[in-house]
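# Inside the fold
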Amino acid sequence: MAPILIALGANLPGPHGESPLATCRAAVEALRSLPGLRLQAVSRWWRTAPIPPSGQPDYINGVALLAGEAEPAALLARLQAIETAAGRPPAGTRRVVNAARCLDLDIIAIGTLQRASPDPILPHPRAHLRAFVLAPLAEVAPGWVHPVLGRTAESLLHGLPAQEAALF
């Protein structure tokens, strides 16, 4: 069974006024119920500034570690369904890149799978540049090695320029 790393993030209230943290926690429960996958660990929650910098509210971020077998496109579709249920517009209708959102779920990696197309690109093409992914990832999978770069999450994190990230 391949380790599957999913990044979670939110910085807007959910459709019924839920806090970003409550939305992320509900998303973890939705991940727990995905058929054929088993939730193994969830990081602590981190408060992070938006990247790129903007006037948006801070994000709540975390990473979930799942185990199982997953076809990338099918998993992406299931994650997008969870996002839509949490109030995010469906993937095909999103108009603004890096817009604030009530839930964002990204596949960071599925084992050592490398894939340039079609979506999702694996490993995630920008995860190694983001403290809000690497810090919680290092908590749930401390021995994880980036399949392309050959470096651990902790090593990648220490090589980044300063980014605002603090435990929530």
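Structure first, text after, so check above.
The present account deals with the structure reproduced in this document. Chains are numbered independently. Their residues run from 1 in the order of the written sequence. Selection of residues for local features in this predicted model requires a pLDDT of at least 70, selection of side-chain atom pairs for listing and counting requires 80 or more, and totals for whole chains, interfaces and linings are taken over all residues. Side-chain measures here rest on the full set of heavy atoms in the structure, leaving out hydrogens and waters.

## Overview of the overall build of the protein chain
Put simply, the rule is: Helix and strand assignments come from DSSP, with helices taken as H or I runs of at least 4 residues and strands as E runs of at least 2, each series counted from the N terminus. Between the two quantities, the radius of gyration covers C-alpha atoms and the globule rule is 2.2 Å times the number of residues to the power 0.38. The buried label applies to any residue whose accessible area, calculated with a 1.4 Å probe on protein chains only, is under 20% of its type's maximum; exposed applies above 50%, and partly exposed to all values in between. Contacts are assigned to residue pairs that have any heavy atoms within 4.5 Å of one another. The charge count includes Lys and Arg as positive and Asp and Glu as negative, but it does not include His or the ends of the chains. Charge coordinates come from a single atom per side chain, which is NZ of Lys, CZ of Arg, CG of Asp or CD of Glu.
Helix and strand counts for the protein chain come out as four helices and six strands. Radius of gyration (C-alpha) of the protein chain: 15 Å, near the 15 Å computed for a compact globule of 168 residues. In terms of overall dimensions, the protein chain has a C-alpha envelope of 40 × 40 × 30 Å along the principal axes. Across the 168 residues that make up the protein chain, the buried fraction comes to 46%. Across the protein chain, the fraction of contacts at a sequence separation of at least 24, relative to all contacts at a separation of at least 6, is 69%. Of the side chains in the protein chain, 14 bear a positive and 12 a negative charge, and the two mean positions are spaced by 2 Å.

## Describing the nonpolar core
The condition is simple: Here, nonpolar core refers to any group of buried Ala, Val, Leu, Ile, Met, Phe, Trp, Tyr and Cys residues whose side-chain atoms link them within 4.5 Å.
Ranked by internal contacts, the top residues of the largest apolar core, which has 27 residues, are Ile-6, Leu-31, Leu-75 and Leu-79. Mapped onto this core, the elements with two or more residues apiece are strand 1 (2-10), helix 1 (20-32), strand 2 (37-42), strand 4 (59-68), helix 2 (72-85) and strand 5 (104-110).

## Description of the pattern of salt bridges
Note the cut-off: Just to be clear on terms, a salt bridge is a Lys or Arg side-chain nitrogen sitting within 4 Å of an Asp or Glu carboxyl oxygen.
Throughout the structure, instances matching the rule amount to five salt bridges. We note a salt bridge from Glu-83 to Arg-88, for which the minimum N-O separation is 3.2 Å. Each member of the pair, Glu-83 as well as Arg-88, is classed as buried. We note a salt bridge from Arg-88 to Asp-104, for which the minimum N-O separation is 2.8 Å. On the criterion of sequence distance, the pair formed by Arg-88 in the loop between helix 2 and strand 5 and Asp-104 in strand 5 is long-range, its members being 16 residues apart. You'll find Arg-88 and Asp-104 in the same group, each marked buried.

## Points about the side chain of His-146
Defined as follows: By the criterion applied in these results, polar contacts are pairs of N or O atoms within 3.5 Å in which, for protein atoms, one can donate a hydrogen and the other can accept it, and in which residues neighboring in sequence qualify only through two side-chain atoms.
As for its placement among the helices and strands, His-146 is situated in the loop between helix 3 (131-140) and helix 4 (153-158). At 3.1 Å, the side chain of His-146 and the backbone nitrogen of Val-148 are in polar contact. Filtering out sequence-adjacent residues up to four positions away, His-146 remains in contact with Pro-123, His-128, Arg-151 and Leu-156.

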